[in-house]
Amino acid sequence: MTDLRAQVRERVVAALELDAAEQQALLLQPPKNREHGDIALGCFALAKLRGVAPPQLAAELAARFVADDTIESASAAGPFVNFRFHRAALARMAVAGVLRSESPFAPTPPAAGSPAIVIDFSSPNIAKPFHMGHLRSTVIGAALGRIHRHLGNRVEGVNHLGDWGMPFAKMMTAWMRFGDEAELHRSPMRHMFDLYRRYGDEAKAHPELDDEAAAHFRALESGADNEERRMWQFLRDESLKAFQGPYDRLGVTFDHFTGESFYEDRMEAAMQRVAAAGVLEVDDGAEVVKLDALGIKVPCILRKSDGATLYHTRDLAAAFYREATFRPSRILYIVGAEQKLHFEQLRGVLKRMGEPLADKIEHVPFGLILARNEETGKWEKFASRGGNAIFLDEVLDEAVANVRRIIAEKNPDLDDPDEVAEQVGVSAIVFNDLKNSRIKDVKFDWEQMLNFDGETGPYVQYAVARLAGILRKLDVDPDAGAALCDGVDYALLADAEQVLLTMLEFGDTVQRAAEQSEPSLVTALTIRLAGDIHAYLRDHHVLRAEPDVQRARTALVAAARQLLRTALGLIGVAAPDRM
RNA sequence: GCGCCCAUAGCUCAGUUGGAUAGAGCAUCGGAUUUCUAAUCCGACGGUCGCAGGUUCGAGUCCUGCUGGGCGUGCCA
């Protein structure tokens, strides 16, 4: 609620002549019960600083406050002061703010020379199909990228592909042992997935396969132009081609496709830096950095006893590279919560080296995707090897097909049902993933995922479609923007205060989403705004309204549609005007 | 064993540096459509916020212990 807060804050600071410390303690919040006012100040912290009782300070502030043409009143209620805005001012801030593309409703242009936010996300392992497990990192990272760009930050989105190391070496081993040339060229990803499962089965009985894989990895890392290298290149190319499908459907793009292999010739320099800092030790033949002093019991291994590099080695080289190339203020790693230790170790190594870079490393963890075990009824982690990995395309197709059925039933005359079904279906899956706090596990439930009633993507999209429908009937260009503000009497929108107040929370919400790396805050706001709109439209007709009222409501409808589209856009959800 | 995360309505979840009477959706039940898209709206039902202490004027929120579930725990990523 950037605008409301700022205005009240300014007035309170002036009324009470607050010093810097007191201003820090000034906490403005929307009241739980909106009948109290539009924004409230709990006087507890402030009163403590001044050594007076909170109700007394509240009363004093309310008495000193002078109403103006923006803030209508300030009234004390016990230890709280409730501020109320003139309804016209509220409407003007929200509706004109949106339609005139003012901050924070429109993207802020990036400031010259501002530091970058690097976002390491998606990062699937090559030679494996893109499955549900990859969805979370992909949509959370993409949403955070858009949110930061909206705020005017420079963003470098990096797909840190798993195209190096043992997982890949295992795939290569499977290929050399069980691969079928014709099959590979006919359906590369399918064949690779079969090989992957076969390796898993065979390795149980024959652990020596892992030794073979390790040998293949050493051969690849030797840099020689050999069979391993040719295989690596082929599988990498095929995988990237295959991944492009899901990325296109999700509308996700990257600035860089620098996978682990990119750091092949940068790891040596990174190792030398660690050695030069004097923190590298040899333990059981491996080169490690001990982190006990930082409270991390497990040392960070940077080179195996057989000389091969590891995940940590590449992440360290990547951190150095990104620092030098992008000059970032933050490097966000959108990686599952189960890898928390990995990033603590990475930070730990940098800390022990005395690198300020350590504080820029931010692991943004998220919960697992769980499947229901039909026998026990309990939620369990997906066993990707057990063959119950669900391909993303499969889920998207199912959602789209379901939308297609609903369209046939509810809106059979729609011009482009397949296109709309794709938009709505894919969005439903993305929306569902970004709905809850990212740290929560996502329970993969077909029934719930395909139910489009209530707090879902289609619910919010439907609000946009209703709003667009009204503008269409009015013969108003939905994107007319500022022109729609002409001659509007904002006082006539007093009955839309719930919608307006929610709209005014947008700026603060986006800000918090960026700070906390929590896109679900934006998702939740779209649900609330859509709900407010749906409720408002029930009792407030636009087409049948008197001319003055119609003009004001038209502006409101256009602004609400535009803001919903902006907010949905941030989380990667498209909003068609008809559905 | 140790470390970390989670626990709020039957289910899935919100709850903003601790603040006013703990809120939604799903499910169930009841109602609203000659009126801008009923993928909607309105209402009802539903809570010892896992348990026990503690800090505080005030705790779902902070601290300690416990219980239950999950994840992780040197040569995988």
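Given the structure is predicted, the values throughout are model-derived calculations rather than measurements.

So, how was this worked out
Residues numbered from 1 in each chain as written. Chains lettered and ligands numbered in written order. Predicted model: local features only at pLDDT ≥ 70, side-chain atom pairs only at ≥ 80, totals over all residues. Heavy atoms only, no water. Helix = DSSP H or I, 4+ residues; strand = E, 2+ residues; numbered from the N terminus. Buried < 20%, exposed > 50% of the residue type's maximum accessible area, 1.4 Å probe, protein only. Contact = heavy atoms within 4.5 Å. Areas by Shrake-Rupley, 256 points an atom, 1.4 Å probe, with all protein chains shown as cover. Lys, Arg positive; Asp, Glu negative; His and termini not counted. Charge placed at Lys NZ, Arg CZ, Asp CG, Glu CD. 1 Å grid on protein atoms, 1.4 Å probe; cavity = no way out; pocket = protein on both sides within 12 Å on 5 of 7 lines; lining within 4 Å. Points joined across faces, edges and corners; volume = space filled by probe spheres on them. Nonpolar A, V, L, I, M, F, W, Y, C, P; charged D, E, K, R; others polar. Axes fitted to C-alpha atoms, helices over the stretch in contact; angles between N-to-C directions. Parallel < 35°, antiparallel > 145°, perpendicular 65-115°, else oblique. Patch = residues over 30% accessible without salt bridge, like charges linked within 9 Å, V, L, I, M, F, W, Y side chains within 5 Å. Salt bridge = Lys/Arg side-chain N within 4 Å of Asp/Glu carboxyl O. Phe/Tyr/Trp six-rings, centres within 6.5 Å; stacked < 30°, edge-to-face > 60°. Lys NZ or Arg CZ within 6 Å of the ring centre and 35° of its normal. Pairing = 2+ DSSP bridges.

1. Observations regarding the overall build of chain A
Okay, step 1: Within chain A, the secondary structure is distributed over 22 helices and 14 strands.
Okay, step 2: Projected onto its principal axes, the C-alpha positions of chain A cover 80 × 65 × 50 Å.
Okay, step 3: Sorting the 579 residues of chain A into buried and exposed places 53% on the buried side.
Okay, step 4: Once local pairs closer than 6 in sequence are excluded, the contacts in chain A between residues at least 24 apart make up 74%.
Okay, step 5: In the form shown here, chain A has an accessible surface area of approximately 25500 Å², with 49% of it arising from carbon and sulfur atoms.
Okay, step 6: Between the averaged position of the 68 positive side-chain charges in chain A and that of its 86 negative side-chain charges there is a distance of 3 Å.

2. Side note on empty space enclosed by the protein
Okay, step 1: Taken as a whole, this structure holds three cavities of 30 Å³ or more when the rule is applied.
Okay, step 2: Estimates place the volume of the largest cavity at around 40 Å³.
Okay, step 3: What lines the largest cavity is simply Val139, Ala142, Ala143, Arg146, Leu250, Val252, Val430, Ile571 and Gly572.
Okay, step 4: With four residues, helix α6 (residues 132-150) is the largest single contributor of residues to the lining of the largest cavity.
Okay, step 5: Looking at the lining of the largest cavity residue by residue, the classes come out as seven nonpolar, one polar and one charged.

3. Focus: the packing of helix α20 (residues 506-516) against helix α21 (residues 520-539)
Okay, step 1: Across the interface, α20 lies against α21 with an axial gap of 8 Å and an inter-helix angle of 155°. On the basis of their axis angle, the class for α20 and α21 is roughly antiparallel. Across the interface between the two elements, Phe506, Thr509, Arg512, Ala513 and Gln516 of α20 pack against Leu521, Val522 and Leu525 of α21.

4. Looking at a negative patch on the surface
Okay, step 1: A cluster of acidic residues, Asp413, Asp415, Asp416 and Glu419, forms a negative patch at the surface.
Okay, step 2: With respect to the secondary-structure elements, Asp413 resides in the loop between α15 (392-410) and α16 (417-433).

5. With respect to the layout of surface pockets
Gaps left between atoms are located by rolling a probe of water-molecule size over the structure's atoms.
Okay, step 1: Taken as a whole, the largest pocket spans an internal volume of roughly 1200 Å³.
Okay, step 2: Along the wall of the largest pocket there are 47 residues; nearest its centre are Ser123, Asn125, His134, Glu338 and Gln339.
Okay, step 3: In terms of residues, the lining of the largest pocket owes the most to one element, α6, which gives five residues.
Okay, step 4: Classifying every residue of the lining of the largest pocket by side-chain character gives 23 nonpolar, 15 polar and nine charged.
Okay, step 5: Approximately 420 Å³ is the volume found for the second largest pocket.
Okay, step 6: Around the second largest pocket sit 16 residues that line it, and Ile406, Lys410, Pro458, Tyr462 and Met579 are the ones nearest its centre.

6. Notes on the packing of α6 against α16
Okay, step 1: Direction vectors running N to C along α6 and α16 enclose 85°, while the axes themselves pass 10 Å from each other. With respect to α16, the axis of α6 lies roughly perpendicular. Along the contact surface, α6 presents Leu135, Arg136 and Val139, while α16 presents Ile429, Val430 and Asp433.
Okay, step 2: Among the residues making up the contact of α6 with α16, the classes are represented as four nonpolar, no polar and two charged.

7. Details of the packing of aromatic side chains
Okay, step 1: The final tally for this structure, using the stated rule, is 17 aromatic pairs.
Okay, step 2: Pairing Phe65 with Phe83 gives two aromatic rings, centres 5.3 Å apart and planes at 65°, and the pair type is edge-to-face. With Phe65 in the loop between α4 (54-64) and β3 (71-77) and Phe83 in strand β4 (residues 80-85), the pair connects residues that are 18 residues apart, well separated along the chain. Phe83 carries the same exposure label as Phe65, and that label is buried.
Okay, step 3: Cluster of aromatic residues (ring-pair linked, three or more members): Phe121, Phe130, Phe243, Tyr247, Phe254 and Phe257.
Okay, step 4: Geometry around Phe320 places Arg273 over its ring, the cationic atom sitting 3.7 Å from the centre.

8. Digging into the pattern of salt bridges
Okay, step 1: Within the structure shown, the criterion is met by 44 salt bridges.
Okay, step 2: With its nearest N and O atoms 3.9 Å apart, the salt bridge here joins Arg230 to Asp225.
Okay, step 3: Where salt bridges share partners, they join Arg249, Asp393, Asp397 and Glu422 into one cluster.

9. What to know about the pairing of strand β12 (residues 369-372)
Okay, step 1: As defined by bridge partners, β12 adjoins strand β14 (residues 442-444) across three bridges and the pair is classed as parallel. Along β14, the bridge assignment pairs Leu370 with Lys443.
Okay, step 2: For β12 and strand β13 (residues 379-381), the ladder comprises three bridges, and the chain directions are antiparallel. Bridging from a neighbouring strand, Leu370 pairs with Lys381 of β13.

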